[in-house]
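Fold and contact review
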Amino acid sequence: IETPIWEPPEKPRLDQDCLQLERGHLHLRHDSEHWDRFAISVGGVSFASGWEAPVLAYRDGPDLHWLSLVDSGTVVHSGVQFNEPETELKSWVRFKDQGGAQWELSRRWLTSDSPKGMEVVTSLRVDRDREIVFFPLLFLFAGLETFGPEKTQAILPGLEYLANEPSSSEADVIGPASKRLVAERAKVTFPMMTLVAKERYLSVVWEQNAFWAPVFDSPDRQFDSGGHLLGLVMPGSDGVNRDQGSLLPYGGERLKANEEIVLRTWLFGGYGETVVPSIQSYVAAWGLPNLPPRPEEQGYFQLAAEGWLSSDIRDGALLRHAVWGDQFKPQPAIDAPAYMRWLSARVDDQTMATSLDEAANSLLSQVAPSAYSTANIGHIRRPFGSLVFGHVEDNLRHAARFVDGQLNRFVNDEIRYTWTGEQKDLGATHFSESASGLTGQVVAQIMDFALFSGDRTAIKKGLERVEALRLYQNQVPRGGQTWEVPLHTPDILASASMVKAYSLAYELTSDERHLEAARYWAWTGVPFVYLVAPTD
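Residues numbered from 1 in each chain as written. Predicted model: local features only at pLDDT ≥ 70, side-chain atom pairs only at ≥ 80, totals over all residues. Heavy atoms only, no water.

1. Let's talk about a nonpolar patch on the surface
Taken together, the side chains of Trp483, Ile492, Leu493 and Val529 present a nonpolar region at the surface, about 320 Å² in accessible area. Take Ile492: it is sitting in helix H10 (residues 492–509). (Patch = residues over 30% accessible without salt bridge, like charges linked within 9 Å, V, L, I, M, F, W, Y side chains within 5 Å. Areas by Shrake-Rupley, 256 points an atom, 1.4 Å probe, with all protein chains shown as cover. Salt bridge = Lys/Arg side-chain N within 4 Å of Asp/Glu carboxyl O. Helix = DSSP H or I, 4+ residues; strand = E, 2+ residues; numbered from the N terminus.)

Right under this line is the structure:
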């Protein structure tokens with residue numbers, strides 16, 4: 001379906017007699033005679049506007065029709081009603097299409113003492129069957145004639161975590177998957193989108209449903225508004241019904257006669273330099289999902305033991321990090337025999353326990369005692385081997401030398417990404433040679449080994465590295481997996497590395513700044529986790 005040439009939206013001109021509603025830092029001003037002519041301020045700053053001249057597309061039989069709501073409808077407002085503790089502003093529009101079908105749209109803006117912000121309920125009904133091709137249930141254009149295309153940060157959890165950079169870029173993935181204008185529902189980790197500018201944020205949260213999908217374009221390149229687009233559109237996006245870089249699907253979604261579609265959204269607004277306050281607002285209102293049930297212990301012990309003993313990860317007295325063709329060569333490992341000893345004391349099967357102990361002894365024989373703190377094959381590389389198997393003094397000295405070696409990697413307080421030419425240059429799409437996750441991962445290791453060593457000089461140098469992490473303050477977590485993911489890519493491992501570095505520094509010093517920083521980076525990790533079920 002060919003996309004039309006859209007008319008650029010304009011900031012609405014609202015007179016002093018317009019309808020008004022307030023909720024916390026949000027202030028809504030709404031024209032009493034026009035659908036979607038409204039403006040939203042956050043903390044006194046004009047932030048976003050509606051789409052004053054919206055259009056819809058539908059099919060009646062084989063024919064595609066475009067319809068302007070401004071030209072076709074009559075808008076009536078009931079004004080603002082006060083029903084404590086709730087305040088409501090309601091509008092509706094009725095119009096007929098070319099085939100004579102009667103359409104009815106209504107929208108209620110609600111404020112109350114709920115932690116869920118300002119609620120916006122949009123409903124749609126038509127008295128004959130229609131196939132919806134394009135319907136903007138709620139479009140917000142942020143920054144019109146104020147901060148424009150600039151922003152501090154923005155987020156659509158699961159798809160975008162942005163600094164002042166464009167959405168749907170190829171900085172993280174090249175090709176069709178980089179187009180994230182209309183997000184596939186299964187990719188959204190929780191239904192919220194946020195824009196931060198002028199030390200304020202505006203968030204849209206929505207009730208998930210297959211009928212609609214989030215629209216996110218920052219800056220707005222669809223309508224050329226000069227700002228940013230945050231909205232919900234019909235039909236939805238299931239990954240196959242549209243090019244996710246297009247507002248229009250391949251085909252429509254049938255809306256049966258007199259079937260009512262009801263979209264519930266909530267707006268949050270407040271102060272902040274990052275998206276973190278918006279994430280905190282979401283969690284405060286909707287909470288976190290329940291943890292999955294704990295596995296049955298013996299089942300876990302058996303499965304883990306069989307993995308160590310019987311899988312191709314083990315090659316005699318050596319171990320691979322993973323089984324993936326010839327990519328990971330067998331090597332000596334100290335963490336695996338420690339885990340095997342732990343399991344041998346817990347499995348009910350005595351034969352398996354004996355096999356675990358024998359395998360652990362065999363693996364241990366290949367590790368030099370001085371490497372008991374460093375010969376790890378797992379991703380979690382703690383210097384604990386000598387605490388289990390001895391030779392502690394040797395490993396304390398080795399840990400201090402390891403810290404010195406890591407310190408020598410720094411260039412102006414950062415770890416720089418280096419391209420060897422053997423694989424694709426994963427730093428090419430990033431605006432810097434470093435990132436929070438790349439540096440934070442090394443600082444966390446330094447702190448871990450410095451604490452283990454007990455060497456006061458090493459600890460002092462580690463704390464200096466933690467202080468230098470302030471250069472990433474209020475930034476996006478990224479660059480934590482540069483062995484296989486572009487340096488630019490936001491990821492939860494970057495968040496985790498920063499949390500660990502700051503947490504260890506806080507435990508050492510009781511400096512509240514470190515605890516505050518650890519909490520910030522912990523919140524940056526939340527958007528990478530599904531807080532809602534991605535599908536039905």
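2. Describing the pattern of salt bridges
If you walk through the whole model with that rule in mind, you get 27 salt bridges. In this structure, Arg264 engages Glu207 in a salt bridge whose closest nitrogen and oxygen atoms are separated by 3.7 Å. Note that Arg264 is positioned in strand S19 (residues 261–271) and Glu207 in the loop between strand S15 (200–206) and strand S16 (213–217), a separation of 57 residues in sequence. Residue Glu207 is classed as partly exposed on the basis of its relative accessible area, which comes to 32%. One salt bridge in this structure joins Arg320 and Asp315, with 3.6 Å as the shortest N-O distance. Here the salt bridges share partners, and the residues they tie into one network are Asp31, Arg37 and Glu52. (Buried < 20%, exposed > 50% of the residue type's maximum accessible area, 1.4 Å probe, protein only.)

3. Here's the deal with the packing of helix H2 (residues 276–286) against helix H11 (residues 512–525)
Orientation of H2 relative to H11, taken along the N-to-C sense of each, is 70 degrees, at an axis distance of 9 Å. Looking at the two axes, H2 sits roughly perpendicular to H11. The two elements H2 and H11 meet at a crossing, and its hand is left-handed. Contact residues: H2 offers Val276, Ile279, Gln280 and Val283, while H11 offers Tyr520, Trp523 and Thr524. Residues belonging to the contact of H2 with H11 are distributed by class as follows: 5 nonpolar, 2 polar and no charged. (Axes fitted to C-alpha atoms, helices over the stretch in contact; angles between N-to-C directions. Parallel < 35°, antiparallel > 145°, perpendicular 65-115°, else oblique. Left-handed = near helix turned anticlockwise from the far one by under 90°. Contact = heavy atoms within 4.5 Å. Nonpolar A, V, L, I, M, F, W, Y, C, P; charged D, E, K, R; others polar.)

4. So, the pairing of strand S9 (residues 102–111)
Counted residue by residue, S9 has 7 buried out of 10 residues, so it is predominantly covered. Summarising the sheet, strand S8 (residues 86–96) and S9 pair through 10 bridges and their orientation is antiparallel. Counted as the bridge partner of Leu89 is Trp109 from S9. From the end of S8 to the start of S9, which pair antiparallel, there are 5 residues, and Gly100 there has a positive phi angle of about 90 degrees. The sheet contact formed by S9 and strand S10 (residues 118–126) spans 8 bridges and is antiparallel. By the bridge assignment, Arg107 is partnered in S10 with Thr122. (Pairing = 2+ DSSP bridges.)

5. Thoughts on unusual backbone geometry
Residues other than glycine predominantly adopt negative phi, and peptide bonds predominantly adopt the trans conformation. Along the chain, Ser218 connects to Pro219 via a cis peptide bond; the corresponding omega equals 0 degrees. Its place among the elements puts Pro219 in the loop between S16 and strand S17 (228–234). Positive phi, normally seen in glycine, also occurs at Asp36, with a value near 70 degrees. Looking at the secondary structure, you find Asp36 in the loop between strand S2 (26–30) and strand S3 (38–42). Assessed through its relative accessible area of 3%, Asp36 is described here as buried. One non-glycine residue, Asn412, adopts positive backbone phi at about 50 degrees. By secondary structure assignment, the location of Asn412 is in the loop between helix H7 (392–407) and helix H8 (436–453). Taking relative accessible area as the criterion, Asn412 reaches 63% and is therefore assigned exposed.

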